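Residue-level structural notes
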Amino acid sequence: MIVLKGRVVDGNGGPPIPDGAVVLEGNKIKLVCRQSELPPYPNAQVYTAENATILPGLIEAHTHMGWGSAVAVDWVSITPQLSMARALRDLSQLREQGYTAIRDLGSDVILLRPAVAEGLLDVPRIFGAGKIITQIGGHGDAYQRLTLEASLHTYSPAIIANGVDEVRRACRINMRNGADLIKIMTTGGVFSQGDRATPHSHFSQEEIRAAVEEAENMGSYVTTHAQANRGILLALQNGVKCIEHGFYLDERCIELMVKNGCYLVPTLAIMHASKCYFEKKPDVLPYLREKTQQSYEAHYRSLELARKAHIPVGVGCDFLGDESFGCSYQDATLELERLETAGFTPMEILTMATRVNSRLLQMEDQLGTLEPGKLADVLLVSGHPDEHISVLRNADNVKLVIQDGRVVKNLL
Ligand SMILES: [Zn+2]
């Protein structure tokens, strides 16, 4: 049995319990209460710290484990072995900062789960979409100077699918590998060469509906990489439940998102990292620089529309594990700070990174808040992240990480 003492921020967004306690038994939360109400547990291991805040394990809702580079041409030469080695580095960097679960939106990291189940790996909980599903010339067909033949056969975090039958096949391949959700690409993107940031969409209505039907058949949903307005709208009109990025939302998109109960995961951090990179190195990767410049301001305007309409916003950095580009997973909490810049309060951001993100995992009954009966993924942090979100930018402030009832990081 473990007892944590400190201010309790339970992930529901209400005021913290100032002199709180959280009791863990096995891999579950047993009790959340005031210290004055705490029954005696003579054999419990007790943890506390000065200025301690206890909160649910953070969830990172938009990862790409193991890519290792922000440059499309590098993805051509990666092997599955190198990618998995990088994924293990990325996973351990995330957990150092207090992330106890990920929602991966394009990689083979879900294939590591049997190794986790065998006890060979100790990493955050892995949920994911498997490989991205993209059309020919889409955002997942990333290095478009390759011949199409080569593009179809290079090891890649994407499946290139054209037509309803190929989309269904790609969905079923992912499900066969254990995918928890389906990720499609209904627009081009910043990091792929050749496609555009200007108004356009990828995939037909029929292809999108086929993916949605396949996802719903397995009790899940489709999320889409969608930046340009036309591709966002097309996805929303055809049953997609979550928009990643959403640079160019408008009132029509917002209306549909509210009506259909859709989520937005803006991924501000990757765009900010790009902007900072190009301020230092204006002459490299012109395609990337131009697309970043075109969409940076629009991104924040879109998010403001979503915030005002109370659309649930998930927290994901969309980093690519590339330190030289400034998008290494040891900086994943940059997303929390960018969301504050975008107008959310620290408490709102914590709720988004825990409770809202647990819904994106379809795990809200087991993760995301500190409540009796839920799984014991709990952090003890030095400082008050619900007042100053930047406390979480320094992993040294994350004193204790407990996942599934086990202490997996301990600086106390
Ligand atoms: Zn992404």
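Note that the coordinates shown come from a computational prediction; the quantities given were computed from them, not determined experimentally.

1. Here's the deal with the pairing of strand β2 (residues 17-25)
Successive side chains on a regular strand alternate, one facing one side of the sheet and the next facing the other. In this sheet, β2 lies alongside strand β1 (residues 2-8) in antiparallel orientation, the contact comprising 6 bridges. Its bridge partner lying in β2, V3 is registered against V23. Sheet topology places β2 next to strand β3 (residues 28-34); 6 bridges connect them, and they run antiparallel. Looking at the pairing, E25 lines up with K28 of β3.

2. Looking at the domain arrangement of the protein
How large an interface is tends to be reported as the accessible area lost when its parts come together. When cut into domains, the protein gives domain 1 (2-56 + 368-410) and domain 2 (58-332). Its C-alpha centre places domain 1 at a distance of 31 Å from the equivalent point of domain 2. Residue-level contacts link 10 residues of domain 1 with 8 residues of domain 2. For the side of domain 1 that touches domain 2, the secondary-structure elements that each account for two or more residues are β16 (398-403) and β17 (406-410). Among the elements that take part in the side of domain 1 that touches domain 2, β16 stands out by supplying 3 residues, more than any other. When grouped by side-chain class, the residues that make up the side of domain 1 that touches domain 2 number 6 nonpolar, 2 polar and 2 charged.

3. With respect to the sheet that holds strand β6 (residues 58-63)
Read from one edge to the other, the open sheet built from 3 strands follows the order β6-β7-β8, with strand pairing classed as parallel. Two strands close off the open sheet at either side, each with one partner strand: β6 and β8 (125-128). Adjacent strand axes in the sheet meet at a mean angle of 20 degrees, parallel and antiparallel pairs treated alike. Bridge count between strand β7 (residues 99-104) and β8: 4 bridges; the pairing is parallel. Note that in β8 the partner of R103 across the bridge is F127.

4. Observations concerning the pairing of β6
Of all 6 residues making up β6, 6 are buried, and the element is well covered by its neighbours. As judged from the 4 bridges shared by β6 and β7, these two strands associate in the parallel manner. Across the sheet, the residue bridging to I59 is A101, located in β7. Once the chain exits β6 it traverses helix α1 (residues 80-96) before rejoining the sheet at β7, and the crossover so formed is right-handed.

5. Remarks on the packing of helix α6 (residues 229-237) against helix α7 (residues 251-260)
Where α6 meets α7, the closest approach of the two axes is 10 Å, and the angle between their N-to-C directions is 25 degrees. Between α6 and α7, the crossing angle belongs to the class labelled roughly parallel. Every pair of crossing elements has a handedness; the one defined by α6 and α7 is left-handed. On α7, the residues touching I232, L233, L236 and Q237 of α6 are R252, C253, L256, M257 and N260. For the contact of α6 with α7, the residue count by class is 6 nonpolar, 2 polar and 1 charged.

6. Topic: helix α4 (residues 164-176)
With 13 residues, α4 should cover 18 Å at 1.5 Å per step; its first-to-last C-alpha distance of 18 Å lies within 8% of that length. Buried residues of α4: V167, A170, C171 and N174, and no others. Each buried residue of α4 lies within a common arc of 100 degrees when the element is viewed along its axis, so the set occupies one face. Those residues of α4 that are exposed and angled more than 90 degrees off the buried face are D165 and R176. As for α4, its buried residues are in contact with β9 (132-134), β10 (158-160), β11 (182-185) and α5 (205-217). One or two steps after α4, the chain reaches G178, where phi turns positive at roughly 100 degrees.

7. Regarding the environment of I54
Within the secondary structure, I54 is located in strand β5 (residues 52-56). Residues I54 and E337, spaced 283 residues apart in sequence, show a C-alpha to C-alpha distance of 19 Å. Filtering out sequence-adjacent residues up to four positions away, I54 remains in contact with L4, G6, R7, V8, G20, V22, V378, L379 and L380.

8. Side note on the environment of G106
As for its position among the elements, G106 is in the loop between β7 and α2 (113-117). By C-beta crowding, G106 is classed as buried, having 27 other C-beta atoms within 10 Å. Along the chain, G106 and T63 lie 43 residues apart, while their C-alpha atoms are 7.5 Å from each other. When near neighbours in sequence (up to four residues on either side) are disregarded, G106 contacts H64, A129, K131, I132, P157, A158 and K183.

9. Here we look at α5
Over its 13 residues, α5 runs 18 Å from end to end, which matches the ideal 18 Å to within 8%, given 1.5 Å per residue. Buried within α5 we find E207, I208, A210, A211, V212, E214 and A215. If you follow the buried residues of α5, they end up packed against β9, α4, β11, β12 (222-226) and α6. At the C-terminal side of α5, G219 shows a positive phi close to 75 degrees.

10. What about unusual backbone geometry?
Within the chain, F203 stands out as a residue other than glycine whose phi angle is a positive 75 degrees. Checked against the element boundaries, F203 lands in the loop between β11 and α5. With phi around 55 degrees, T267 is a residue other than glycine that occupies positive phi space. With respect to the helices and strands, the residue T267 is situated in the loop between β14 (263-265) and α8 (268-280).

What counts, and at which threshold
- Residues numbered from 1 in each chain as written.
- Predicted model: local features only at pLDDT ≥ 70, side-chain atom pairs only at ≥ 80, totals over all residues.
- Pairing = 2+ DSSP bridges.
- Helix = DSSP H or I, 4+ residues; strand = E, 2+ residues; numbered from the N terminus.
- Domains from an automatic or database assignment.
- Contact = placed C-beta atoms within 7 Å.
- Nonpolar A, V, L, I, M, F, W, Y, C, P; charged D, E, K, R; others polar.
- Axes fitted to C-alpha atoms, helices over the stretch in contact; angles between N-to-C directions.
- Buried ≥ 20, exposed ≤ 12 C-beta atoms within 10 Å, placed from the backbone.
- Right-handed = clockwise from strand over helix to strand, strands pointing away.
- Parallel < 35°, antiparallel > 145°, perpendicular 65-115°, else oblique.
- Left-handed = near helix turned anticlockwise from the far one by under 90°.
- Expected span 1.5 Å × (residues − 1).
- Arc of directions from axis to C-beta.

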